[in-house]
4 protein chains.
Amino acid sequence: MYSFVNDYSEGCHSSIMEALQKTNMLQTAGYGEDEYCAQAKEKIRRALKSDCEVEFLVSGTQTNFTVISHILKPYEGILGVDTCHPEQHEAGAIEATGHKVITVPNVNGKLTAEAVEKTLREHLESPIMIHTVRPGLVYISNATELGTVYTKKELTELHEICRKYNIPLYIDGARLGCAMASKECDYEFSELSDLCDVFYIGATKMGALFGEAVVFNDKKLAENFPYMKKQRGGLLAKGRLLGIQFSCLFEDNLYFKLADYAVKQAQRIQDALIENKIPLLVKSSTNQVFPILTYSQQQIIAKDFGFELWEPIDDEKSSVRFCTSWATDEKQVDRLIEALKLI
Amino acid sequence: MYSFVNDYSEGCHSSIMEALQKTNMLQTAGYGEDEYCAQAKEKIRRALKSDCEVEFLVSGTQTNFTVISHILKPYEGILGVDTCHPEQHEAGAIEATGHKVITVPNVNGKLTAEAVEKTLREHLESPIMIHTVRPGLVYISNATELGTVYTKKELTELHEICRKYNIPLYIDGARLGCAMASKECDYEFSELSDLCDVFYIGATKMGALFGEAVVFNDKKLAENFPYMKKQRGGLLAKGRLLGIQFSCLFEDNLYFKLADYAVKQAQRIQDALIENKIPLLVKSSTNQVFPILTYSQQQIIAKDFGFELWEPIDDEKSSVRFCTSWATDEKQVDRLIEALKLI
Amino acid sequence: MYSFVNDYSEGCHSSIMEALQKTNMLQTAGYGEDEYCAQAKEKIRRALKSDCEVEFLVSGTQTNFTVISHILKPYEGILGVDTCHPEQHEAGAIEATGHKVITVPNVNGKLTAEAVEKTLREHLESPIMIHTVRPGLVYISNATELGTVYTKKELTELHEICRKYNIPLYIDGARLGCAMASKECDYEFSELSDLCDVFYIGATKMGALFGEAVVFNDKKLAENFPYMKKQRGGLLAKGRLLGIQFSCLFEDNLYFKLADYAVKQAQRIQDALIENKIPLLVKSSTNQVFPILTYSQQQIIAKDFGFELWEPIDDEKSSVRFCTSWATDEKQVDRLIEALKLI
Amino acid sequence: MYSFVNDYSEGCHSSIMEALQKTNMLQTAGYGEDEYCAQAKEKIRRALKSDCEVEFLVSGTQTNFTVISHILKPYEGILGVDTCHPEQHEAGAIEATGHKVITVPNVNGKLTAEAVEKTLREHLESPIMIHTVRPGLVYISNATELGTVYTKKELTELHEICRKYNIPLYIDGARLGCAMASKECDYEFSELSDLCDVFYIGATKMGALFGEAVVFNDKKLAENFPYMKKQRGGLLAKGRLLGIQFSCLFEDNLYFKLADYAVKQAQRIQDALIENKIPLLVKSSTNQVFPILTYSQQQIIAKDFGFELWEPIDDEKSSVRFCTSWATDEKQVDRLIEALKLI
């Protein structure tokens, strides 16, 4: 049995494990005031060609609610798509900090500039405006929950609308590496410095044991953020663990190499699905693929491979998810492709 | 330069590092649904000789606010001493979940049953009771912030008052191992099952990279706690990291052995201080010691050793803290003791 | 110009004004501990033929967030229709207390038992249940935002589902009087004691200056509610103002008489609309009616009457709302009916 | 039996009752968008000789938590004295909005500039600053909980410290009229425009049925406040009730005349106490006086007069509070003075 259930089934890339081991008995300052964190921040700034502010946190949900509750006023909410992580899979974490998640329908997992403008305009023009929640931040994830990736044009349009209404654009980058590795991605990593106001570089799903790096392109948004890290539980006593891991990932482009590998494996699976005329819920360009399989097809595959049930389609079939990562065994992908041919 | 600044300057005990390495490429279920977490919970239950509920979280502040906000009603607060961690060092984390921290003066860092009863009685007898915050949980830490340890009699009295008023007693065990290793500790680890309603076994400061294990003696208090872990950011995708670490620590009593070592080293320092007639802020029986040093004495020691400034006494002197851990180098303790003789 | 914009354009019914005046210089205890509050609670209990708990609050939004945040656990949300007041018109008040508003599509403004069961079942059956918000209370308003009224069968089915899943059913009764006066209402006021777990009797829109009376059929849900009233800002120093007003409204069935009057006037308007073949957004049976008028028709009516724009239909027309109340001038209704004939 | 228990035992001043009656059946816009609110705001601006922003709310606790949660960042708390209302008597309302109440000892009920500066400096100089709560607003009440009044020098010094640290100074004016009527008050009402950044003019205890007017001297602090009024439950549908009442109070200096009367009556009582050598807890200059009476003295007075138990002194005596208001009957004060002579 080999698992394609998710991209966090294994530990971390060997170079990270080695670095953790090598540094294990060194004494450093606590709470991220160590040299490894400083180094990692510097490497990220260099990769982004930007003098941005970088802050490390532990997990994705924690990153979302800490950043969002730091930026919003108490009467503001975030605006995202109906399928977005804070709406669907964070157990009400944003609301627990006092803020509404306002949603609009997704288009292939994405938020459109039109939908954002319509929502913002409707709010401002409403005669009962103060009885409704003011959108105070636009939330997108890249790659999206459906494995799709924003184009440069799409990000630029979103950012322009946000600027017009003076609202920051935030990118949840839990799988940002995979977005960058997608063939649909027509921009460099460093261009993210201009394409949004704040984003995070996810590492939990991209080769680390855990860890997310928040990048504040707009440094004003970072003001006093360290208080929030502490208050919201994201400040590790041994903060260096985050510095060491990100330092590895941003050495010699490891982060992007691991992403390339993960995306390549998933795309091999998707190509095989297409070749075998198996329908897709959505065409993904990253490390998650979403075939629609009958329940009997699923039973066959499930003998040898783990995957995730996604959403029911009808009584006979549902979409499922196959997920790859930096840790995926290429030979198991070969085996899966063979198995898919036979169903 | 050798640091006695805190007990989280290094990584983790070698057996944990080895276990992390050995399991690194194994595939497991996410979010703590793996066998390592199951094993670790079972080992903790065995050590406690109890059928308690065990839940893992990442850091101490996160554990405090997640447990406390899970237990309290919106109109309740916690009751602790003025020096307690949530009051002093958690950046308002408890208040951020909507709850007041009600404080009474500490006695050697400890909360007394008398003070608890007085506060609870005053609340209940107040003619304007509903205008004041109802204490809904009694918070203590063991060892305390001042390195002192509750006796069995003290815990029993506190627990009795809590039961009388139907309020749970919660022990913050960030340094619980050190409490158990103290010569003042006149109870077994397993007796904690009866001495309080919920507590946590701290690992961040006791040999792990990170991690705290919440033990619900009163299993009703644990109901639906997993939602809270997710909502408050404490549910790691690679949850097994917590299982692996606690499984090591509760194998062959490692947790307690590491604590014994840490306490032994600190007590050697404290003995040397007493021998040299250096006054103490408080007599500690655990891994933190608090001499009062003149600023010129501090300058001498600071040439070779790191320590923490604690509180100013007057223009000439202050208390400082020397902290040891499982990782402390015994030879460096020897050197420190020599240095203390010369000031 | 006469306003049909809403049902809170005037002050209060004359009998309330007289009572306020008559009692003005009497000395009473503060914070609702006075005899008028006691009397009013007793009258409400008598009208409901029930030994329920009654608590007074000031306004509707305040009542909703105070009751809801009192009942829910931190990881729970409320379940309501997409058009419900907390979702649309309370400026994020529920979320500000930490809770998500989970919505399903409305059917004529109403929530169906099927939709509730589907949502509850999906939550419980979800493999990632703890990553989603647990519905902890079912919220409906009666009359609804669209002026429609739940039948006894509908309420019974909703309540059964709620009981099955052990979740309270809460009725927002901002316009409860009008619901009771509706010809669609096939139950007595006192039957509300069995048809839900908690509801509020709205007075702001039903003859009082302000005030809402929360009725806890399930008295366990009322436990310690007075702390919440204080904490959430709903405890008036001169709490008797609420007692005096509700005492008037529940004397000699005044509350229901005023509602009958309001509904009768609105239904006269709706009958005239139907007679004149003017389409309706929804057929209302209470004090709000929702014709669809072209913008040129609206211009004509707007010369003499105020009304509220509801929702745009297309470039030429929109729905609008005419609202009546206990204070509506019957002769102005006559005039409006005449005017509607001419458009 | 005549009550001196508090200053909210009666309804409202006759001129307010008349205005409510006279305007009762007029139709106005809802939610404070009416002409009476506009008028009242204008009158307050004129009295303050300032172009400030004015917003109405319903009650004192609501005003405190709405203003404070509007101004603070999530990682900030308020700084006040240990006896301040949010710390002692608001059921954790500030904490329920996520913020800590940081306290320092009071001096005659007052906060000193020294204590403020010390706290702010300690926070900024702390090596673990981000682990502690950042003071984000200085809270005082005037008159204080003990009936004392800030001098111009005291307010000026507090405001200077606040400006130095870039933190707003907020005055809770539940009894602001009485402060202005005090002989210790050496500034005009209009000077409050410069002596703080935001304050509220309490009316609940000063002649109205209910109502508090928040004055934002610093208009930037008022930005988007209406959303908060709605979200926190302070936006009355019949908002005009607040406009009508404040319009009366600021017509022909009624507010100040009522305060003068209340203070005069209380001072007569205090003078009598002093004359009879009855010790005082504190010397008040406003409408509350705090004699220390033996329990047997209290029994005698309690036969004819209501008063409030304040704090126990020892087994034989306690302080008590006599409170007067605009509604106090002068003849009853005469009777009380006579009674005090005989104990």
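In this text, all values refer to a predicted model and were calculated from it rather than measured experimentally. (Residues numbered from 1 in each chain as written. Chains lettered and ligands numbered in written order. Predicted model: local features only at pLDDT ≥ 70, side-chain atom pairs only at ≥ 80, totals over all residues. Heavy atoms only, no water.)

## Considering the sheet that holds strand S4 (residues 101-104) of chain A
Residues and elements named next belong to chain A. With respect to topology, seven strands assemble into an open sheet ordered S2-S8-S7-S6-S5-S3-S4, the strand pairing being mixed. In the strand order of this sheet, the two ends are held by strand S2 (53-57) and S4, each with one partner. The average angle at which neighbouring strand axes cross in this sheet is 25°, direction not considered. Judged from the five bridges that link them, strand S7 (residues 198-202) and strand S8 (residues 212-216) form a sheet pairing that is antiparallel. Counterpart to Val-198 in the pairing with S8 is Phe-216. Seen against the sheet, helix H6 (residues 113-125) touches strand S3 (76-81), S4 and strand S5 (134-141) and runs at an angle of roughly 170° to S5. In the packing of helix H7 (residues 152-164) onto the sheet, contacts are made with S5 and strand S6 (169-172), and the angle to S6 comes to roughly 140°. (Pairing = 2+ DSSP bridges. Helix = DSSP H or I, 4+ residues; strand = E, 2+ residues; numbered from the N terminus. Axes fitted to C-alpha atoms, helices over the stretch in contact; angles between N-to-C directions. Contact = heavy atoms within 4.5 Å.)

## Examining the relation of the copies chain D and chain A
Screw-axis analysis of chain D against chain A gives a translation of 0.0 Å along the axis, an RMSD of 0.0 Å, and a rotation angle of 180°. Here the copies are linked by what is in effect a two-fold axis. The C-alpha atom lying nearest the rotation axis in chain D is that of Lys-73 of chain D; the distance is 4.0 Å. Both copies present the same face, since 100% of the interface residues in chain D are matched by interface residues at the equivalent positions in chain A. (Least-squares fit on C-alpha atoms with pLDDT ≥ 70 in both.)

## Here we look at the environment of Phe-210 of chain D
As for its placement among the helices and strands, Phe-210 of chain D is situated in the loop between strand S7 (198-202) and strand S8 (212-216). Put simply, Phe-210 of chain D and Ala-113 of chain D are 97 residues apart on the chain and 32 Å apart in space, counted from C-alpha to C-alpha.

## Focus: the relation of the copies chain A and chain B
Mapping chain A onto chain B leaves a residual RMSD of 0.0 Å; the transformation is a rotation of 180° accompanied by 0.0 Å of translation along its axis. A share of 98% of the interface residues of chain A reappears at the interface of chain B, consistent with the copies meeting face to face through the same patch.

## Remarks on the interface of chain D and chain A
Between chain D and chain A, the residue contacts involve 20 residues of the former and 20 residues of the latter. Carbon and sulfur atoms make up 64% of the area that chain D and chain A hide from each other, which totals about 1800 Å². On the chain D side of the interface with chain A, the three residues burying the most area are Tyr-75, Ile-130 and Tyr-227 of chain D, jointly 41% of the side's total. Here chain D and chain A share six residue pairs in polar contact (both at pLDDT 80 or more) between them. Of all the secondary-structure elements, those providing two or more residues to the side of chain D that touches chain A are helix H3 (60-71) and helix H10 (225-231) of chain D. A per-element tally of the side of chain D that touches chain A places H10 of chain D first, with five residues. Here the side of chain D that touches chain A is built from residues that sort into nine nonpolar, seven polar and four charged. (Buried area = accessible area lost by both parts, 1.4 Å probe. Polar contact = N/O pair within 3.5 Å; in protein donor to acceptor, adjacent residues only side chain to side chain. Nonpolar A, V, L, I, M, F, W, Y, C, P; charged D, E, K, R; others polar.)

## A short note on the side chain of Ser-9 of chain C
Examined against the element boundaries, Ser-9 of chain C turns out to sit in the loop between strand S1 (2-3) and helix H1 (14-22). Reaching out from Ser-9 of chain C, the side chain makes a polar contact with the side chain of Asn-6 of chain C at a distance of 2.9 Å. Once residues lying within four places of it in the same chain are set aside, the contact partners of Ser-9 of chain C are Ser-3 of chain C together with Leu-26, Gln-27, Thr-28 and Arg-240 of chain D.

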